[in-house]
Amino acid sequence: MSFSLESITAVVRERWGFPALRPFQERAIEVALRQRDALLVLATGGGKSLCYQVPPLLTGRLTVVISPLKALMNDQVAALELLGYPAAAIHSDHSFEESGEVRRRVERGELKLLYITPERLALDGFQQWLERVRPSVIAVDEAHCISQWGHDFRPEYRRIGELRERWPSIAIHAYTATATPRVRADIIQQLRLREPEQLIGSFDRPNLTYRVVPRGDLAAQIAPVLRRHAGQAGIVYCLSRRDTESLAEKLQSRGIDCQAYHAGLPAERRARIETAFREERLDVVVATVAFGMGIDRSDVRCVLHASLPESIEHYMQETGRAGRDGMPAECVLFYSAGDYMRRRYLLERGAEAEEANLRARLHLLGKMRDFCATQICRHLALSAYFGQAYERENCSACDVCLDTSKPLEGGSELGQTILRTVLELRSNFGAAYLADVLRGSKRQAIVERRHELISSHGALARYEKPVVGDLIQQLIEQKLLERTDDEYPVVRLTREGIAALQEDAPIVLREPRLARVDPPAPARGRGSRADGLPETEYDGGAFESLRQLRLEIAREMGVPAYIVFEDSTLKEMARQLPQSAQELLEVRGVGTKKLERFGPRFLVRLRSLARDESTTPPDAQSPGA
Ligand code: ADP
């Protein structure tokens, strides 16, 4: 079957109200329609779901989507239903009768998209049934779960590869947002893809501002960031259950309306928090990584990490929940050197991890620590990690590129002193010990080893320990020192460090980052975009009013608000104030079904907003966002 680009675009315009496909989507849909195997990698928010949702509408044949996240499936099905798209899900929350009814709809050819979990697929009877109804494509979402080099290994994903043996003619399409070249190779092998088309889109998230900040008084650091996003959604990720509770409490006492969330809470309480967040009755959740799986609110404006994530893939996945709607959002990671050991300890203690998997996970953790330590552009570092070039010289959307810190006076001398001390300690001690010697500590271990006698003992006594730690870290980042990867990491001189000492080369140290622990707001307004695009001007009051209406409708229907219309659609409405059905249909994100369903109520509101505007003097209008 062949379809012209016009016919594909017409379907997308009519159903989804998007004027055009993104270039990656065009290629992906075209590949899907050719019944070839494919691996598609695209950053979160890039628009992957459309790639498997559009083809069945054109071919009329069933696609089965395998996804690990029940909540996400439910949201997608609810969103598709609003578009008049025949889709359903089968998973363990459904009763026998409910899934029986879905099966019958599939058998009658009524459904074009069926979401299932990998666990369901593992049931033998289910595979036989599937064989009978003959879908034309299996779309594997979150395909990195099949690889233990990925960040979310799920053994049951391995069963998907069996389908290929059982059923050679079916096309398998694997989708993921985060896959290094190694994970991509693993996906292809495990799923037994046949000469797959590989479409690798950009990993970069230009609308996110990334910052890594040394951790001090966490609640005092986090509260101002959340305040700058008051009334907007934010997630704070913590390492442990206990951390979520104590941080949530401290933030509450600072007047921030938030809830702690972790897997140890009773299921009912968790469900209540999830629903409140989805329905916009709760904006800030302080959580372990248990939160977010399948929570698809597209207007999350900040994702904060209270400690080191487990891998760069995790970090991308978690920060990926910010700004899915393409609008600016910020991500701040509060990091302290001890996080690495704590994480490492947790991984090693996790007895269920088999040896090879543990080694893989420690390797990924090390990469995450390196990312925090690096002083190159974060957008560039993340792209490079996933094997991609990053073209811009200055992203204007990360702490490194936005850094305005000044060089530290006398920094060169300090740098030389630190290097010399490492030499005198024979590159044999950790950063904490080194800092103690430099600060002139006379603790027993130091005296016993006679290290209080070396010439630089106490040379940095005027600085606080975290400041000395920061200066050591800067020398590591400049590759004059390095930290070993052993069980007890030591700091040692690199070849460059030895040369710098021998030649008494000038060293530039910057003001310790600890002096500026509260991350300032991103340079341009609330968020800056690495693609340099300004957020389009819109009337903030009108947007709020439309948001309220959306919330009313969503509550009546019991669906997440963004499913009714996304923020970007409401903002465009607020900017254009369309006054007729025809004009409303021009707004991106308004298709014919939603026009039918929500158009009348939105038009009443839009008309009243337009009347208010024409009677308000221009200088009294509320400013753009
Ligand atoms: P992913 O699954 O890759 O994370 P989604 O499929 O959830 O991404 O899409 C992300 C966002 O992009 C959503 O807000 C969606 O409405 C929007 N979107 C997707 N395709 C288009 C398009 N062709 N034009 C405009 N917006 C789009």
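Note that the structure is a prediction, hence the values are computed from the model and not measured.

Side-chain positions along a regular strand alternate between the two faces of the sheet. Of all the six residues making up strand 6 (residues 171-176), six are buried; the element is thus mostly covered by neighbouring parts of the structure. Here strand 6 shows two buried faces, one formed by Ala171, His173 and Tyr175 and the other by Ile172, Ala174 and Thr176. Relative to strand 6, strand 1 (residues 38-41) is paired through four bridges, and the arrangement is parallel. Bridged to Leu39 within strand 6 is Ala174. The pairing of strand 5 (residues 137-140) with strand 6 spans four bridges and is classified as parallel. By the bridge assignment, Val140 is partnered in strand 6 with Ala174.

Structurally, the position occupied by Gln76 is in helix 4 (residues 70-82). With near-sequence residues (within four places) excluded, Gln76 lies in contact with Ser49, Tyr52, Gln53 and Tyr115.

In this section: the packing of helix 10 (residues 218-227) against helix 11 (residues 241-253). For the pair helix 10 and helix 11, interaxial distance at closest approach is 10 Å and the crossing angle is 60°. By the angle between their directions, the pair helix 10 and helix 11 is classed as oblique. Considering only the axes of helix 10 and helix 11, their crossing is right-handed. Listed contacts from helix 11 to Leu218, Ala219, Ile222, Ala223 and Leu226 of helix 10 are Leu247, Lys250 and Leu251. Here the contact of helix 10 with helix 11 is built from residues that sort into seven nonpolar, no polar and one charged.

On to the confidence of the model for the protein chain. Scored by pLDDT, the protein chain has a mean of 87; 92% of the residues are at 70 or more. In the predicted structure, residues 524-528 sits below a pLDDT of 50 and forms 14 contacts with residues beyond four places in sequence or in another chain. Of the regions scoring below 50 in pLDDT, residues 618-625 engages in ten contacts with residues more than four places distant in sequence or in other chains.

If you look at the biggest cluster of nonpolar residues, it comprises 83 residues, and the most contacted ones within it are Leu114 and Leu191. Ranked by residues supplied to this core, first place goes to helix 15 (residues 355-373) with seven residues. Shared between two domains, this core holds at least three residues of each, these being domain 1 (5-200) and domain 2 (208-385). Other than its neighbours up to four places away in sequence, Leu191 contacts Val140, Ile146, Ile160, Gly161, Arg164, Ile172 and Ala174. In this structure, Leu425, Ile446, Ala500 and Leu501 belong to the second largest nonpolar core, which totals 31 residues.

Definitions and cut-offs
Residues numbered from 1 in each chain as written. Predicted model: local features only at pLDDT ≥ 70, side-chain atom pairs only at ≥ 80, totals over all residues. Heavy atoms only, no water. Buried < 20%, exposed > 50% of the residue type's maximum accessible area, 1.4 Å probe, protein only. Helix = DSSP H or I, 4+ residues; strand = E, 2+ residues; numbered from the N terminus. Pairing = 2+ DSSP bridges. Contact = heavy atoms within 4.5 Å. Axes fitted to C-alpha atoms, helices over the stretch in contact; angles between N-to-C directions. Parallel < 35°, antiparallel > 145°, perpendicular 65-115°, else oblique. Left-handed = near helix turned anticlockwise from the far one by under 90°. Nonpolar A, V, L, I, M, F, W, Y, C, P; charged D, E, K, R; others polar. pLDDT = per-residue confidence, 0-100. Core = buried A, V, L, I, M, F, W, Y, C linked by side-chain atoms within 4.5 Å. Domains from an automatic or database assignment.

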